[in-house]
Amino acid sequence: MRVQFRRLTEADLPKIMRMNQDFRQGFADPEATQRFLQNPANWFFAALWEETVIGFAYGYALPRLNGSKNMLYLHEVGVAQRYQRQGIGMQMMCALQNICVKSNIGKIFLFTGSRNAPANALYRKLGGEVSPSSGGNDTAYFFPIQLSEIQ
């Protein structure tokens, strides 16, 4: 299977709207999604197979007050159920890191449920550093940006 990885734009709005069927009902509202895509600080990165989103990560680039490179907060990461456990998530996160290198992003961070074993295993395999402040129901991961070989 040949999967393409790229940041989506306003022209891709129909692909994101289809995610209401392919991922979950109510995933995206057309007007809110269009506003999201219009803001250059917002990121919607996708794994596409035959022009259909099969994996995604969306979030926000956050400028730093100390002048260091921006950080990318990923609010949600997912792979469509029928494509899970095929390496799509790993490939997508590596491709995302490679784009971050070229986009003045110095670090990615995200939170996942402490009991979400597949996500925690993926983030650890990708070299995610667990924040010492993690606790309770969530684990925070930080990923220093470096070129990654897509596996």
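These figures come from a predicted structure and were not determined experimentally.

Colleague: I'd like to hear about helix 2 (residues 30–38), residue by residue, with values.
Modeller: Because each turn of an α-helix spans 3.6 residues, side chains separated by three or four positions in sequence point in the same direction. Every buried residue of helix 2 is accounted for by Thr33, Phe36 and Leu37. Mapping the buried residues of helix 2 onto a view down its axis gives an arc of 95°, with all of them on the same face. Of the surrounding secondary structure, the elements contacted by the buried residues of helix 2 are helix 1 (13–22), strand 2 (42–49) and strand 3 (52–62). Put simply, Asp29 is the residue that caps the front of helix 2, since its side-chain oxygen is 3.2 Å from the backbone nitrogen of Glu31.

Colleague: Let's hear about the environment of Lys15: which residues, and what values?
Modeller: Tracing the backbone through its elements, the reader meets Lys15 in helix 1. Judged by its relative accessible area of 19%, Lys15 is buried. Among residues more than four places away in sequence, those in contact with Lys15 are Arg6, Leu48, Glu51 and Val53. A distance of 3.1 Å separates the side chain of Lys15 from the side chain of Glu51, its partner in a polar contact.

Colleague: Summarise the layout of surface pockets; cite the residues concerned and give the values.
Modeller: Reported here for the largest pocket is a volume of approximately 650 Å³. Of all elements in the fold, only strand 4 (70–79), helix 3 (88–101), strand 5 (105–113) and helix 4 (117–125) reach the threshold of two or more residues within the lining of the largest pocket. Considering only residue class, the lining of the largest pocket consists of 14 nonpolar, 10 polar and 3 charged.

Colleague: Please provide a residue-by-residue account of the packing of helix 1 against helix 2, values included.
Modeller: Contact geometry for helix 1 and helix 2: axes closest at 10 Å, N-to-C directions at 135°. It follows that helix 1 is oblique to helix 2 by the angle criterion. Judged by the twist between their axes, the crossing of helix 1 over helix 2 is right-handed. Counting all contacts with helix 1, which are made through Leu13, Ile16 and Met17, the residues of helix 2 involved are Pro30, Thr33, Gln34 and Leu37. Looking at the contact of helix 1 with helix 2, its residues break down into 5 nonpolar, 2 polar and no charged.

Colleague: Describe the packing of aromatic side chains, and please don't skip the residues or the numbers.
Modeller: Describing an aromatic ring pair means giving the distance of the ring centres and the angle of the ring planes. Summed over all chains, the structure comprises 17 aromatic pairs. Seen from their ring centres, Phe23 and Phe56 are 5.2 Å apart, and the 85° between their planes marks the pair as edge-to-face. Residue Phe23 is found in the loop between helix 1 and helix 2, and its partner Phe56 is found in strand 3; the two are separated by 33 residues along the sequence. Note on Tyr123 and Phe143: the rings are 6.0 Å apart at their centroids and 75° apart in plane angle, and the pair reads as edge-to-face. Highlighted residues: Tyr123 in helix 4 and Phe143 in strand 7 (residues 138–144), separated in sequence by 20 residues. Classification of Tyr123 by relative accessible area gives buried; the value is 6%. A relative accessible area of 1% means that Phe143 is categorised as buried. An aromatic cluster of at least three residues, connected via ring pairs, comprises Phe23, Phe27, Phe36, Phe44, Phe56, Tyr58, Tyr60, Tyr73, Phe109, Phe111 and Phe142. Positioned over the ring face of Trp43 is Arg7, at 4.1 Å from the centre of the ring.

What counts and how
Residues numbered from 1 in each chain as written. Predicted model: local features only at pLDDT ≥ 70, side-chain atom pairs only at ≥ 80, totals over all residues. Heavy atoms only, no water. Buried < 20%, exposed > 50% of the residue type's maximum accessible area, 1.4 Å probe, protein only. Helix = DSSP H or I, 4+ residues; strand = E, 2+ residues; numbered from the N terminus. Arc of directions from axis to C-beta. Contact = heavy atoms within 4.5 Å. Polar contact = N/O pair within 3.5 Å; in protein donor to acceptor, adjacent residues only side chain to side chain. 1 Å grid on protein atoms, 1.4 Å probe; cavity = no way out; pocket = protein on both sides within 12 Å on 5 of 7 lines; lining within 4 Å. Points joined across faces, edges and corners; volume = space filled by probe spheres on them. Nonpolar A, V, L, I, M, F, W, Y, C, P; charged D, E, K, R; others polar. Axes fitted to C-alpha atoms, helices over the stretch in contact; angles between N-to-C directions. Parallel < 35°, antiparallel > 145°, perpendicular 65-115°, else oblique. Left-handed = near helix turned anticlockwise from the far one by under 90°. Phe/Tyr/Trp six-rings, centres within 6.5 Å; stacked < 30°, edge-to-face > 60°. Lys NZ or Arg CZ within 6 Å of the ring centre and 35° of its normal.

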